[in-house]
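Residues per chain are reported as follows:
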Amino acid sequence: QVQLVESGGGLVQAGGSLRLSCAASGRTYSVYAMGWFRQAPGKSRDYVARINRSSGLKYYADSVKGRFTISRDNAKNTVYLQMNSLKPEDTAVYYCAASREGIGTKIYEYEYHYWGQGTQVTVSS
């Protein structure tokens, strides 16, 4: 099992920045990729970004490309999501997820095996 704990959410004005962290524990050696998803009220959970644990390759949803940066610190078993130029439409609960498998696009929820509890990000206009 892998446990994931997110932190760093909060309230920020439009144009501001936040950095989310996701600390992993347990059988972290089994993790191939880590991802961030978000869910706004009344909407589905959407893919935001993902990073391969070993190669460090990064991928982003079009909606956040150029504003968000995903990174990792394998020594700390932690993944980060730096969010800049935040917009009110970025308001959501942000979830960290981990996948054991190396195949697939990793943009769908079902491709991930472990999830954190989520952290709220609210962007005011």
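Residues numbered from 1 in each chain as written. Predicted model: local features only at pLDDT ≥ 70, side-chain atom pairs only at ≥ 80, totals over all residues. Heavy atoms only, no water.

Asker: Any chance you could explain the overall build of the protein here in plain terms?
Answerer: Along the backbone of the protein there are zero helices and eleven strands. Reading the protein from its N end, one meets helices and strands in the order β-β-β-β-β-β-β-β-β-β-β. What you see for the protein is a C-alpha radius of gyration of 13 Å, in line with the 14 Å of a compact globule of 125 residues. Principal axes of the C-alpha set define a box for the protein whose edges measure 40 × 25 × 25 Å. (Helix = DSSP H or I, 4+ residues; strand = E, 2+ residues; numbered from the N terminus. Rg over C-alpha atoms; globule rule 2.2 N^0.38 Å.)

Asker: When you look at the environment of Asp62 in this model, what are you seeing that I'm missing?
Answerer: The residue Asp62 is located in the loop between β6 (58-60) and β7 (68-73) in this model. Taking the C-alpha atoms as reference, Asp62 lies 9.5 Å from Ala49; in sequence the two are 13 residues apart. Of the polar contacts made by the side chain of Asp62, one reaches the side chain of Lys65; its length is 3.1 Å. (Polar contact = N/O pair within 3.5 Å; in protein donor to acceptor, adjacent residues only side chain to side chain.)

Asker: Any chance you could explain the nonpolar core here in plain terms?
Answerer: Here is a general trend for soluble globular proteins: nonpolar side chains tend to be buried in one another's company. Membership of the largest hydrophobic core comes to 33 residues, with the highest contact counts inside it found for Leu4, Met34, Trp36, Leu81, Met83 and Tyr94. Taken together, the elements giving at least two residues each to this core come down to β1 (2-7), β3 (18-26), β4 (33-39), β5 (45-52), β7, β8 (78-83), β9 (92-99) and β11 (119-124). If one sorts the elements of this core by residue count, β9 sits on top with five residues. Ignoring anything within four residues of it in the chain, the contact list for Leu4 reads Cys22, Ala23, Ala24, Met34, Cys96, Ala97, Ala98, Tyr114, Trp115, Gly116 and Gln117. (Core = buried A, V, L, I, M, F, W, Y, C linked by side-chain atoms within 4.5 Å. Buried < 20%, exposed > 50% of the residue type's maximum accessible area, 1.4 Å probe, protein only. Contact = heavy atoms within 4.5 Å.)

Asker: Quick question: what am I supposed to make of the packing of aromatic side chains here?
Answerer: Two measures describe an aromatic ring pair: the distance that separates the ring centres and the angle between the ring planes. As enumerated under the stated definition, the model contains five aromatic pairs in all. For the ring pair Phe37 and Tyr47, a centre distance of 5.9 Å and an interplane angle of 70 degrees mean the geometry is edge-to-face. Taken together, the residues Phe37 in strand β4 and Tyr47 in strand β5 connect sequence positions ten residues apart. Members of the aromatic cluster, each reached through a chain of ring pairs, are Phe37, Tyr47, Tyr112 and Trp115. Over the ring of Tyr95 we find Arg45; its NZ or CZ atom is 4.0 Å from the centre of that ring. (Phe/Tyr/Trp six-rings, centres within 6.5 Å; stacked < 30°, edge-to-face > 60°. Lys NZ or Arg CZ within 6 Å of the ring centre and 35° of its normal.)

Asker: What is the right way to read the sheet that holds β8 from this model?
Answerer: Working definition: the strands of a sheet are paired by backbone hydrogen bonds and lie parallel or antiparallel to each other. Read across the open sheet, the four strands follow the order β1-β3-β8-β7; overall the sheet is antiparallel. Every other strand in the sheet has two partners, leaving β1 and β7 as the edge strands with one partner each. For this sheet the average axis-to-axis angle between neighbouring strands, irrespective of direction, equals 15 degrees. (Pairing = 2+ DSSP bridges. Axes fitted to C-alpha atoms, helices over the stretch in contact; angles between N-to-C directions.)

Asker: In this structure, what is going on with a nonpolar patch on the surface? I would like to understand it.
Answerer: Taken together, the side chains of Ile107, Tyr108 and Tyr110 define a hydrophobic patch exposed on the protein surface, amounting to about 350 Å² of accessible area. Mapped onto the secondary structure, Tyr110 falls in the loop between β9 and β10 (114-115). (Patch = residues over 30% accessible without salt bridge, like charges linked within 9 Å, V, L, I, M, F, W, Y side chains within 5 Å. Areas by Shrake-Rupley, 256 points an atom, 1.4 Å probe, with all protein chains shown as cover. Salt bridge = Lys/Arg side-chain N within 4 Å of Asp/Glu carboxyl O.)

Asker: Can you walk me through the pattern of salt bridges in this structure?
Answerer: Side-chain pairs of opposite charge can arise where the charged atoms are in close proximity. Following the criterion strictly, the structure yields four salt bridges and no others. Across the pair Asp90 and Arg38 runs a salt bridge whose closest N-O atoms are separated by 2.8 Å. Of this pair, Asp90 sits in the loop between β8 and β9 while Arg38 is found in strand β4, placing the two residues 52 residues apart along the sequence. You can call Arg38 buried: its relative accessible area is 12%. Of the charged contacts in the structure, one is a salt bridge between Glu109 and Arg45, with a shortest N-O distance of 3.7 Å.

Purely geometric stuff here, so don't read any function into it on its own.
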